[in-house]
Amino acid sequence: MLQSSVTLLTQPAWRIIDQSGLGPHFEAKHSFAIDDTLCSTVGKGLSQAVARSWVHHDTIVLGIQDTKLPFLSEGTAFLREQGYRVIVRNSGGLAVVLDEGVLNLSLIFSETEKGIDINRGYDAMWDLMKELFKENDVKIEAKEIVGSYCPGSYDLSINEKKFAGISQRRLRGGVAVQIYLCINKSGSERAELIRKFYDIALKGERTKFSYPQIKPHTMASLSELLDCELSVQDVMLKLLITLKSFSEKIYSSQLTAEELELFTANLQRMVDRNEKVFGLST
């Protein structure tokens with residue numbers, strides 16, 4: 001593990017906000033507003049470093065660039081017909097699938113605390129994942145997997161099949177390093193859904209921005225790749241044990257009164273963004 005990543009993961013204490021079991025009524029718009037809120041309080045020194053886990057049911061999260069698709073409304077109508085909610089997040093990247101077999105994790109640091117450049121934030125999350133699954137004797141690589149959805153240079157893969165993607169959001173002195181982990185179910189079926197979405201939303205038109213040509217076989221879940229049944233709860237336990245090894249203590253927490261006030265304003269920004277894209281129906 002890189003020394004710079006070790007120093008970033010090593011904290012006096014990790015504040016744990018576990019929202020992985022809130023169920024289908026917990027909306028993704030809330031999650032992105034919560035991370036913005038925590039970036040602010042961690043950045044101001046009002047909170048220690050936070051590890052927040054979250055799960056959303058049957059949701060497609062689009063990136064800002066996806067809103068420029070020429071037939072977006074037809075593409076999103078298709079996704080809703082398949083039983084998915086559709087939202088636009090407040091950051092870059094492209095469409096991803098969230099469901100009960102996908103665990104999301106945000107590590108939120110103070111940007112000024114230890115001088116976090118972009119690669120260092122990505123490396124910290126990558127190294128944390130290697131620690132989580134070190135007993136499985138597999139090589140987890142970080143590189144772009146061409147043919148996956150939301151491709152990027154920090155796609156995490158085993159044997160050339162992507163199971164996770166990492167992103168970052170920097171706001172008000174805080175850094176949120178976010179990952180989605182496909183824990184179980186079929187990774188290729190998730191990819192096929194997004195492939196169909198882009199086919200419908202593009203209809204073969206040429207656009208200024210190049211959208212991914214998705215090849216479903218490039219994606220898999222950890223259960224498929226490790227050839228064992230994994231649950232979100234299994235990975236959560238690994239996460240808590242690993243974070244405890246990097247700190248003197250971990251403790252469970254919820255949003256404070258001050259954070260709830262900030263959250264309300266941040267959520268309204270998310271609602272406004274989505275209404276602008278989709279109309280009042282969202």
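Residues numbered from 1 in each chain as written. Predicted model: local features only at pLDDT ≥ 70, side-chain atom pairs only at ≥ 80, totals over all residues. Heavy atoms only, no water.

Participant: In this structure, what is going on with the overall build of the protein? I would like to understand it.
Facilitator: Assigned secondary structure in the protein consists of eight helices and 11 strands. Taken over C-alpha atoms, the radius of gyration comes to 18 Å for the protein, in line with the 19 Å a tight globule of 282 residues would show. For the C-alpha atoms alone, the extent of the protein along its principal axes is close to 55 × 45 × 35 Å. Counting across all 282 residues of the protein, residues that qualify as buried make up 55%. Expressed as a percentage of contacts within the protein between residues at least 6 apart in sequence, the contacts between residues at least 24 apart total 79%. (Helix = DSSP H or I, 4+ residues; strand = E, 2+ residues; numbered from the N terminus. Rg over C-alpha atoms; globule rule 2.2 N^0.38 Å. Buried < 20%, exposed > 50% of the residue type's maximum accessible area, 1.4 Å probe, protein only. Contact = heavy atoms within 4.5 Å.)

Participant: Just to check I follow, could you spell out unusual backbone geometry for this structure?
Facilitator: Comment: phi is negative for the bulk of residues other than glycine, and the bulk of peptide bonds are trans. A positive phi is found at C150, a non-glycine position, where the angle reads about 45 degrees. In this fold, C150 is placed in the loop between strand 7 (141-142) and strand 8 (155-158). Positioned with a positive phi, E160 is a non-glycine residue whose angle comes to about 70 degrees. Assessed through its relative accessible area of 44%, E160 is described here as partly exposed.

Participant: For this particular structure, what's the right way to read the nonpolar core?
Facilitator: Across soluble globular proteins, you tend to see nonpolar side chains buried next to one another. One finds I60, L62, Y149, Y180, F197 and Y198 to be the most contacted residues of the largest nonpolar core, which totals 50 residues. Non-local contacts of L62, meaning those with residues more than four positions away in its chain, are made with L72, T76, V86, I87, V88, R89, A95, F197 and F278. The next biggest cluster of nonpolar side chains, apart from the first, holds 43 residues, and it includes W126, M129, A220 and L239. (Core = buried A, V, L, I, M, F, W, Y, C linked by side-chain atoms within 4.5 Å.)

Participant: How do you make sense of the sheet that holds strand 4 (residues 85-88) when you look at a structure like this?
Facilitator: Sheet strands pair by backbone hydrogen bonding; their relative direction is either parallel or antiparallel. With mixed pairing, the three strands of this open sheet are ordered in space as 4-3-5. At either end of the open sheet lies a strand with only one pairing partner, and these are strand 4 and strand 5 (96-98). Adjacent strand axes in the sheet meet at a mean angle of 25 degrees, parallel and antiparallel pairs treated alike. In this sheet, strand 4 lies alongside strand 3 (residues 59-62) in parallel orientation, the contact comprising four bridges. Within the sheet, the bridge partner assigned to T59 lies in strand 4 and is R85. (Pairing = 2+ DSSP bridges. Axes fitted to C-alpha atoms, helices over the stretch in contact; angles between N-to-C directions.)

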